[in-house]
Amino acid sequence: MMRAVRNGQAERELYTRLTQKYSTPKPEPHLTELIYCLTKAYYDRTAPLRVSDKETVMFAIGFGLEQVILRGDDDTAPVSQELDGIWLTPDYVMLTGGGMDLKSTRMYPDADGSPKRGFSETWLEQFMGYAYLDTIEAVQYIPDQEIPYSVGIVYLVPAELTAWTLYFSKAELEANWAKLQVRRMVLKAHRRANTVPEPFKWNRDWECKDCRYKMRCDAWAAAQKGVA
């Protein structure tokens, strides 16, 4: 009779292959690290801990979907571009022109196909960064016009794909870019001084939940209490 025995050695081999395949470092500083916790961004660059198996799988899913949906057999990988000291790597340039990003999520869609909890703040900050790059590269830009940026969303659980075009004002894009510049300068200063950005200051509360550096930040907070 057939028996099923979990094979830990085979699992580790697969995780190792995923890590090796999808762990190419991005140019520094990258848009995607500036919109999230700066303490984590610093540690990722200077004293990284092993990425968890869950993070590895989620990253591989997103990367794999990009390869299947956005890349043809002869297409090259997306090219990173530098603007005002920040590197950006748009996922895709649509055939009709303009950039497009692809997101995968375990969130369920609403009845109209939009994300049930709305477009997240971090998603929007990333989209606005890419849309700002589009305005800089545009041959002709009409002041006060809305700037479009498109996104494809793959809902993993119901296996559904929807696409949206978001429209931003130039003022929104400029305010977001100014915020990113502040965060870039903070991270750059800490990198030069070899000091960790203050934990729990440059993040959103929800980022701490599954963060692999949480113990380091908790230790820092406990030490601060001891000093006080």
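Description of the structure in this document. Predicted, not measured: the structure shown is a model, and the values here were computed from it.

Calculation rules
Residues numbered from 1 in each chain as written. Predicted model: local features only at pLDDT ≥ 70, side-chain atom pairs only at ≥ 80, totals over all residues. Heavy atoms only, no water. Helix = DSSP H or I, 4+ residues; strand = E, 2+ residues; numbered from the N terminus. Buried < 20%, exposed > 50% of the residue type's maximum accessible area, 1.4 Å probe, protein only. Salt bridge = Lys/Arg side-chain N within 4 Å of Asp/Glu carboxyl O. Core = buried A, V, L, I, M, F, W, Y, C linked by side-chain atoms within 4.5 Å. Contact = heavy atoms within 4.5 Å. Expected span 1.5 Å × (residues − 1). Arc of directions from axis to C-beta. Pairing = 2+ DSSP bridges. Axes fitted to C-alpha atoms, helices over the stretch in contact; angles between N-to-C directions. Parallel < 35°, antiparallel > 145°, perpendicular 65-115°, else oblique. Nonpolar A, V, L, I, M, F, W, Y, C, P; charged D, E, K, R; others polar. Left-handed = near helix turned anticlockwise from the far one by under 90°.

Before going further, it helps to spend a moment on the environment of aspartate 112. Topologically, aspartate 112 is positioned in the loop between β4 (99-105) and α5 (121-137). Exposure remark for aspartate 112: the relative accessible area of 54% places this residue in the exposed category.

Turning our eyes to something else, we now look at the pattern of salt bridges. As enumerated under the stated definition, the model contains 15 salt bridges in all. Note that lysine 40 is salt-bridged to aspartate 44, the shortest N-O span being 2.9 Å. Here aspartate 44 and lysine 40 lie together in helix α3 (residues 38-46), a separation of 4 residues that amounts to about one turn. The network of salt bridges with common partners includes Lys40, Asp44, Glu55 and Arg212.

We now examine the nonpolar core. With 32 residues, the main nonpolar core has Leu88 and Phe168 as its most contacted residues. Those elements giving two or more residues to this core turn out to be α2 (31-34), α3, β2 (86-88), α5, β5 (147-155), β6 (160-168) and α6 (170-193). Considering every element that reaches this core, the biggest residue donor is α5, with 7 residues. Once residues lying within four places of it in the same chain are set aside, the contact partners of leucine 88 are His30, Leu31, Val79, Ser80, Gln81, Leu83, Gly129, Tyr130, Leu133 and Trp177.

End to end, helix α4 (residues 53-70) covers 25 Å across 18 residues, agreeing with the expected 26 Å (1.5 Å per residue, within 8%). The complete set of buried residues in α4 reads Thr56, Ala60, Gly62, Glu66 and Leu70. Within α4, the buried residues cover an arc of 165 degrees as seen down the axis, which keeps them to one side.

Here we take up the pairing of β6. Bridging between β5 and β6 involves 9 bridges; their strand directions are antiparallel. Bridging from a neighbouring strand, serine 150 pairs with threonine 165 of β6. Taking the residues between adjacent antiparallel strands as the criterion, β5 and β6 are bridged by 4 residues, where alanine 159 takes a positive phi near 55 degrees.

With that out of the way, let us pick up the packing of α5 against α6. Interaxial distance between α5 and α6 falls to 9 Å at its minimum, and their mutual angle equals 105 degrees. Classified by the interaxial angle, the pair formed by α5 and α6 is roughly perpendicular. Residues Glu121, Glu125, Met128, Gly129, Ala131, Tyr132 and Thr135 of α5 pack against Lys170, Glu172, Leu173, Glu174, Asn176, Trp177 and Lys179 of α6. Of the residues contributing to the contact of α5 with α6, the split by class is 5 nonpolar, 3 polar and 6 charged.

Our focus in this paragraph is α6. An ideal rise of 1.5 Å per residue puts 34 Å on 24 residues; α6 measures up with 35 Å between its terminal C-alpha atoms. Those residues of α6 that fall on the buried side of the exposure criterion are Leu173, Asn176, Trp177, Leu180, Gln181, Arg183, Arg184, Val186 and Leu187. Positive phi appears at asparagine 194, one or two residues downstream of α6, with a value of about 55 degrees.

Once that is clear, we can look at the environment of lysine 201. Positionally, lysine 201 belongs in the loop between α6 and α7 (214-227). C-alpha of lysine 201 to C-alpha of threonine 39: the two residues are 162 residues apart in sequence and 8.5 Å apart in space.

Packed helices, taken two at a time, are described by the angle their axes make and the gap between the axes. In the contact formed by α3 and α6, the axes pass within 11 Å of each other and the chain directions differ by 40 degrees. Put simply, α3 runs oblique to α6. Crossing hand, α3 versus α6: right-handed. Of the residues in α6, those in contact with Leu38, Ala41, Tyr42, Arg45 and Thr46 of α3 are Arg183, Val186, Leu187, His190 and Arg191. Its residues assigned to classes, the contact of α3 with α6 shows 5 nonpolar, 2 polar and 3 charged.

To continue, consider the side chain of threonine 162. Relative to the assigned elements, threonine 162 resides in strand β6. Assessed through its relative accessible area of 12%, threonine 162 is described here as buried. Once you skip the residues sitting within four places of it in the chain, threonine 162 turns out to touch Gly113, Val151, Gly152, Ile153 and Tyr155.

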